[in-house]
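Structural features, examined
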Amino acid sequence: REHYDVEKKESIWIAFVDRTTQTQPDQKSHMGWLLRNVVAYLSFHWNLEGKEVNIVSYRPTNSVLLKNVVVPLKETYNMLDEPTPHYKVVGWEPNVRGMAGPRKVNLKPLLDPHHLAVQAADLNLKLMKWRMIPNLDVTMLQSAKVLLLGAGTLGCSVARTLLGWGIRDITFVDYGKVSYSNPVRQPLFTLKDCQQETYKAVAAAKALRDIAADVKSEGLVLSIPMPGHAESSREALSETVMKLDKLVEDCDVVYMLTDTREARWLPTVMGAAHNKMVINAALGLDSWLVMRHAAPTLGCYFCNDVVGPDNSTKNRTLDQQCTVTRPGLAPIAASMAVELMVSLMHHPLKQNAPAPSSKRTNQFSPTVSAAEDTSELGLMPHQIRGSLVSYTIMTPTVQAFSYCTGCCPKIVEEYKRDKVELVWNVCSQSGTYLEDLSGLTSFRKESASLLDDTIEDWDEDDISEEE
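I will try to describe carefully the structure that is included in this document. In this text, all values refer to a predicted model and were calculated from it rather than measured experimentally.

**Comments concerning the overall build of the protein chain**
Counting secondary structure elements, the protein chain contains 17 helices and 15 strands. Put simply, the protein chain has 467 residues, and 41% of those count as buried. A separation threshold of at least 6 residues defines the contact pool for the protein chain, and within that pool the share at least 24 residues apart is 65%. For the protein chain, the exposed surface amounts to about 27,500 Å²; the carbon and sulfur share of it is 54%.

**Overview of the state of the cysteines**
Within this structure, the stated rule accounts for zero disulfides. Just so you know, C300 is unpaired, no disulfide at all, and the nearest cysteine sulfur is the one on C404, 3.4 Å from it.

**Observations regarding the pairing of strand β2 (residues 52-58)**
Side-chain direction in a regular strand flips from residue to residue, so the side chains alternate between the two faces of the sheet. Pairing of strand β1 (residues 13-17) with β2 involves five bridges; the strand directions are parallel. Within the sheet, the bridge partner assigned to F16 lies in β2 and is S57. Sheet topology note: the β2/strand β3 (residues 64-70) ladder contains five bridges and is antiparallel. Looking at the pairing, V53 lines up with V69 of β3.

**Considering the packing of aromatic side chains**
Summed over the entire model, instances satisfying the criterion amount to four aromatic pairs. Ring centres of Y301 and F302 lie 5.4 Å apart, and the angle between their planes is 85°; on these two criteria the pair is classed as edge-to-face. The same class applies to Y301 as to F302, namely buried. Judged by centre distance (5.3 Å) and plane angle (75°), the ring pair of F401 and F443 falls under edge-to-face. Here F401 is found in the loop between β15 (392-394) and α13 (409-417), whereas its partner F443 is found in helix α16 (residues 440-457), with 42 residues between them in sequence. An aromatic cluster is present here, built from F401, Y403 and F443 joined pairwise through their rings.

**Structural notes on the side chain of S217**
By the secondary structure assignment, S217 is in strand β8 (residues 216-221). At a separation of 3.4 Å, a polar atom in the side chain of S217 contacts the main-chain carbonyl oxygen of I170. Leave out the neighbours within four places in its chain, and S217 touches I170, F172, A205, L208 and R209.

**What about the pattern of salt bridges?**
By the definition in use, this model includes eight salt bridges. We note a salt bridge from K206 to D210, for which the minimum N-O separation is 3.0 Å. Of this pair, K206 and D210 both sit in helix α8 (residues 200-211), separated by four residues, roughly a single helical turn. In the salt-bridge network here, residues are joined through shared partners; they are D122, R168 and D214.

**Re unusual backbone geometry**
Cis geometry marks the peptide bond from A295 to P296, where omega comes out at 10°. Position of P296 relative to the elements: it lies in the loop between β11 (287-293) and α11 (318-321). Its identity as a non-glycine residue notwithstanding, E197 has a phi of 50°, on the positive side. Following the sequence through the fold, E197 ends up in the loop between α7 (191-195) and α8.

**Looking at the packing of helix α6 (residues 153-164) against helix α12 (residues 329-345)**
Look at α6 against α12: their axes get within 8 Å of each other, and the N-to-C directions meet at 50°. Judged by the inter-axis angle, α6 sits oblique to α12. Crossing of α6 over α12 shows right-handed handedness. Residues T153, L154, S157, V158, T161 and L162 of α6 form the contact with α12, whose own contacting residues are A330, P331, A333, A334, S335, V338 and M341. For the contact of α6 with α12, the per-class residue count stands at nine nonpolar, four polar and no charged.

**Things to note about the sheet that holds β2**
Taking strand neighbours across the sheet as the criterion, the three strands line up as β1-β2-β3 in an open arrangement whose pairing is mixed. Only two strands of the sheet have a single neighbouring strand rather than two, namely β1 and β3. Strand-to-strand, the axes of this sheet are offset by a mean angle of 25°, without reference to chain direction. Each of β1, β2 and β3 is contacted by helix α1 (residues 34-45), which is oriented at about 140° to β1, the strand it contacts most.

**Description of the packing of helix α9 (residues 234-250) against helix α10 (residues 265-274)**
Where α9 meets α10, the axes come as close as 10 Å, and the angle between the chain directions of the two elements is 50°. Taken as axis vectors, α9 and α10 run oblique relative to one another. With respect to the hand of their crossing, α9 and α10 are arranged in right-handed fashion. Touching V241, L244, D245, V248 and E249 of α9 are L266, M270, G271 and H274, all from α10. By residue class, the composition of the contact of α9 with α10 is five nonpolar, two polar and two charged.

**Observations regarding the side chain of Q351**
Within the secondary structure, Q351 is located in the loop between α12 and β12 (374-375). At 2.8 Å, the side chain of Q351 forms a polar contact with the backbone oxygen of N275. Each residue touching Q351, except ones within four places of it in the same chain, is listed here: N275, K276, M277, R292, H293 and A294.

**Some details on the environment of M291**
Mapped onto the elements of the fold, M291 is located in strand β11. The sequence separation of M291 and I384 amounts to 93 residues, and the corresponding C-alpha distance is 6.1 Å.

Conventions and cut-offs
- Residues numbered from 1 in each chain as written.
- Predicted model: local features only at pLDDT ≥ 70, side-chain atom pairs only at ≥ 80, totals over all residues.
- Heavy atoms only, no water.
- Helix = DSSP H or I, 4+ residues; strand = E, 2+ residues; numbered from the N terminus.
- Buried < 20%, exposed > 50% of the residue type's maximum accessible area, 1.4 Å probe, protein only.
- Contact = heavy atoms within 4.5 Å.
- Areas by Shrake-Rupley, 256 points an atom, 1.4 Å probe, with all protein chains shown as cover.
- Disulfide = S-S within 2.5 Å.
- Pairing = 2+ DSSP bridges.
- Phe/Tyr/Trp six-rings, centres within 6.5 Å; stacked < 30°, edge-to-face > 60°.
- Polar contact = N/O pair within 3.5 Å; in protein donor to acceptor, adjacent residues only side chain to side chain.
- Salt bridge = Lys/Arg side-chain N within 4 Å of Asp/Glu carboxyl O.
- Axes fitted to C-alpha atoms, helices over the stretch in contact; angles between N-to-C directions.
- Parallel < 35°, antiparallel > 145°, perpendicular 65-115°, else oblique.
- Left-handed = near helix turned anticlockwise from the far one by under 90°.
- Nonpolar A, V, L, I, M, F, W, Y, C, P; charged D, E, K, R; others polar.

Structure below.
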């Protein structure tokens, strides 16, 4: 700037960035090759041929100044009469269309944190498929849609295990809010959720999105209609039933993880009506149950009942309404439920796969021999019952009950005919409505009559002899 004379028009200064690494500014011949292009540009485009200019070659470490440089005449350049040829640029290559273009390298798999997280999430599954279970269908698991009815202790544990198996589409249904007693037992919640009174379904869905980069999780605040729990209006009930029915229809697997027994009735009917894979998990104080529904062959959650489901919270204190269970039960039951689901998904018949016979339940490695009651991951029991008192596990099989209030053909057909009307009657009336509709009332009367006839056929002598 100190050499620049504003008033002297013939004093021209040109500066350019010199990329050369030469560090000897006293040697003019060592100035960067870009100087030749700059001088030619001044001659052809600025009409400075034959004039003197001052040129500054800027370098970050050491700049060079050339004073009184005479710009060459245009005639001194060897110009070709031919049209300007198409000069190739270093690094360009023919692309798929045969045209020259830059070669691109996608560094996203190496640099993008989101992409890295997605790849690393299923590394364990890929290693299992590569080394241990070649027929493991990872793609099928990743595309499965799972509906979790209940976002409490079981719901949180089941969701975390589903992520480990590559399930990426999970929907929660729950109407409760996170309380201060939840975070210590339900791993998807924090104290912040308690303070903000966040709905469990919403908080659980957000927690999954924070854990897995590619998870598609949604939380719906919805109260499941229950037998014996009267609804305020028919319109609200109709909206709830249709919405829940659509969720069950669109999903691949339904998990029933609710607190009360009667809250599982409507999902049981919907699962049977849509022929969906239904996994049921329930907790006691020191025992747990995991079972699958497969009507009309295998029994559902209500097939062992001789009475219809009703309001189980009626005339019960608050402490009696709360689920009291040992903390270790929920992770065990949740893991068993998810493992059973994955085994069923690898069987050709899915949820309709037959239960194993009693002889096969004692085999140590059922995957060695293929059979109709096994999948790539082993046996698929109907029920899994465990106890922390004796640390034992049983896998009984129960056939479907013809007069079941949850999955018998009469109930399912009535639901298909008019689902809203059925649910309205079940909620507004006592448990006897389901018993009469399913034929359970007639079955009990017939059984009592047969028992009375049997007792009348006995005489006092026969009874005394048996005693």
